[in-house]
Amino acid sequence: MTRLARALRLFLLLALPCGQTFPLRGQEANPRPLDHRQLMVVRDSDGTERPVKTVADWELRRRHVLAGMQLAMGPLPDDSRRVLLDVEVVSEEKTEKYLRRKVRYTPEPGDRVPAWLLIPQAVIGKAKSAPAMLCLHQTTGIGKDEPAAVGIRNNLNYAHELAERGFVCLVPDYPSFGEYPFDFKTQGREYASGSMKAIWNNIRAVDLLVATPEVHPLRIGVIGHSLGGHNALFTAMFEPRLRAVVSSCGWTPFHDYYGGKLAGWTSDRYMPRIRDVYHNSPDEVPFDFYEIAGGLAPRGFFSCSPTGDGNFDVGGVRKGIAEARKVYELYGAADNLRLETPDSAHDFPPAVREASYGWLEQQLKAPAP
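J.: When you look at the overall build of the protein in this model, what are you seeing that I'm missing?
T.: Along the protein, the regular secondary structure elements total nine helices and eleven strands. Considering the protein as a whole, with its 369 residues, one finds that 58% of them fall into the buried category.

J.: Looking at this model, I keep getting lost on the sheet that holds strand S5 (residues 113-120). Mind explaining?
T.: What holds strands together in a sheet is hydrogen bonding between their backbones, with the strands either parallel or antiparallel. Strand order in the open sheet formed by nine strands is S3-S4-S5-S7-S6-S8-S9-S10-S11, with mixed pairing between adjacent strands. Each having just a single partner strand, strand S3 (88-94) and strand S11 (337-340) make up the two edges of the open sheet. The sheet shows a mean angle of 15° between the axes of neighbouring strands, direction not considered. Where helix H4 (residues 194-211) meets the sheet, its contacts fall on strand S4 (98-105), S5, strand S6 (130-136), strand S7 (168-172), strand S8 (215-225) and strand S9 (242-248), and the angle it forms with S6 comes to roughly 155°. This element, helix H5 (residues 227-238), spans S6, S8, S9 and strand S10 (300-304) of the sheet and lies at about 155° to S9.

J.: What is the right way to look at the confidence of the model for the protein in this model?
T.: Caution applies to low-pLDDT regions: their predicted coordinates should not be interpreted in detail. Counting all residues, the mean pLDDT for the protein is 92, and 90% of those residues have values of 70 or more. The low-confidence segment residues 12-31, where pLDDT is below 50, has 47 contacts with residues more than four positions distant or belonging to other chains.

J.: How do you make sense of H5 when you look at a structure like this?
T.: Since the α-helix packs 3.6 residues into each turn, any two residues three or four apart lie on the same face. In this model, H5 (twelve residues) spans 17 Å end to end at C-alpha, consistent with the 16 Å of a helix rising 1.5 Å per residue. Among the twelve residues that make up H5, twelve are buried, leaving the element largely enclosed by the rest of the structure. Along H5, the residues classified as buried are Leu227, Gly228, Gly229, His230, Asn231, Ala232, Leu233, Phe234, Thr235, Ala236, Met237 and Phe238.

J.: Quick question: what am I supposed to make of unusual backbone geometry here?
T.: With glycine set apart, most residues show a phi of negative sign, and most peptide bonds adopt trans. In this structure, Pro298 follows Ala297 across a cis peptide bond, with omega equal to 5°. Considering the arrangement of structural elements, one finds Pro298 in the loop between helix H7 (289-295) and S10. In this structure, Ala149 takes a positive phi of about 60° despite not being glycine. Summarising the element assignment, Ala149 is placed in the loop between S6 and helix H3 (158-164). Phi is positive for Ser176, close to 90°, though the residue is something other than glycine. Following the sequence through the fold, Ser176 ends up in the loop between S7 and H4. The class of Ser176 is partly exposed, set by a relative accessible area of 23%.

J.: What's the story with the packing of H4 against H5 in this structure? I'm lost.
T.: Working note: a packed helix pair is described by the angle between its axes plus the distance between those axes. Packing of H4 against H5 leaves a shortest axis separation of 9 Å and a crossing angle of 65°. The crossing of H4 and H5 is right-handed. Between H4 and H5, the residues in contact are Ser195, Met196, Ala198, Ile199, Asn202 and Ile203 and Asn231, Phe234, Thr235 and Phe238, respectively.

What counts as what
Residues numbered from 1 in each chain as written. Predicted model: local features only at pLDDT ≥ 70, side-chain atom pairs only at ≥ 80, totals over all residues. Heavy atoms only, no water. Helix = DSSP H or I, 4+ residues; strand = E, 2+ residues; numbered from the N terminus. Buried < 20%, exposed > 50% of the residue type's maximum accessible area, 1.4 Å probe, protein only. Pairing = 2+ DSSP bridges. Axes fitted to C-alpha atoms, helices over the stretch in contact; angles between N-to-C directions. Contact = heavy atoms within 4.5 Å. pLDDT = per-residue confidence, 0-100. Expected span 1.5 Å × (residues − 1). Left-handed = near helix turned anticlockwise from the far one by under 90°.

Listed below in structure tokens is the structure:
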């Protein structure tokens, strides 16, 4: 077994199980957090700070990152909210290379998520399974229709393009977009943030993919642009079954987001606590994207971060990737971390998209460790 294979197995053993909350106690609830920019430091239960020297050291730090995320987003639901998915097929249409189904599934009591499920015809009714991708859309009124290329063709039809390459793709609506009307103050009152509600819906989407006969349950990844880009990152932090992550225009450290002006993160769709508890200050928010980039290790992480992205500064991304690389190197998985910086604005250009698809094939079409 290779060093990377051993690292992936260890990650799956040590990672927070999906649906399990992490209680905030001791240093996790300490109002004096570690420097989010310095990943190779961990704090013990007695408050002592020491260097991260082993994978076990990093996994302790990673648990502290998850705790910080839950301080800002609210707690991840436990398994008591995991009800039967009750998948309903609303409609079905054959395209040249895949079957497109409109489905609805139940993420928790009293809620239904609309989604597209794209299944390559090459695996339908066959004694073989395909890799799968959870495909998350950007901020757009049509929601899931854009990645699935329903009524629109542009640079963000990645679910359609991946399905044509042989991936099973599930494309859900984010709450309040597409066919998913959602009032965060009433329907989402059990959540402190829209971000955590979306994370939970996406974890249940992975449950749906695992239960789909055409899907290989150990070869699942996630891709998204902008809103979908950071939605992918957040979900993958809590969902270890996602083996590969592609984030396009989805992140930069908080100090580099519009010069540290965080109002854009504080709507009900995102994290109101950043405004109400942490005063829109990047110095106070209890997690940062440095830690998320490192927290994906040793799994594959492909970041498309254009030089002209006015939302997510590429300079901040470069700093985050440089620090995250130290964690990947700890696992012997440096080759699993990839940054592309195309000369474009807030977009997912064709050449980088194609590169990400080839990278996903390498990550997910090879046997899982």
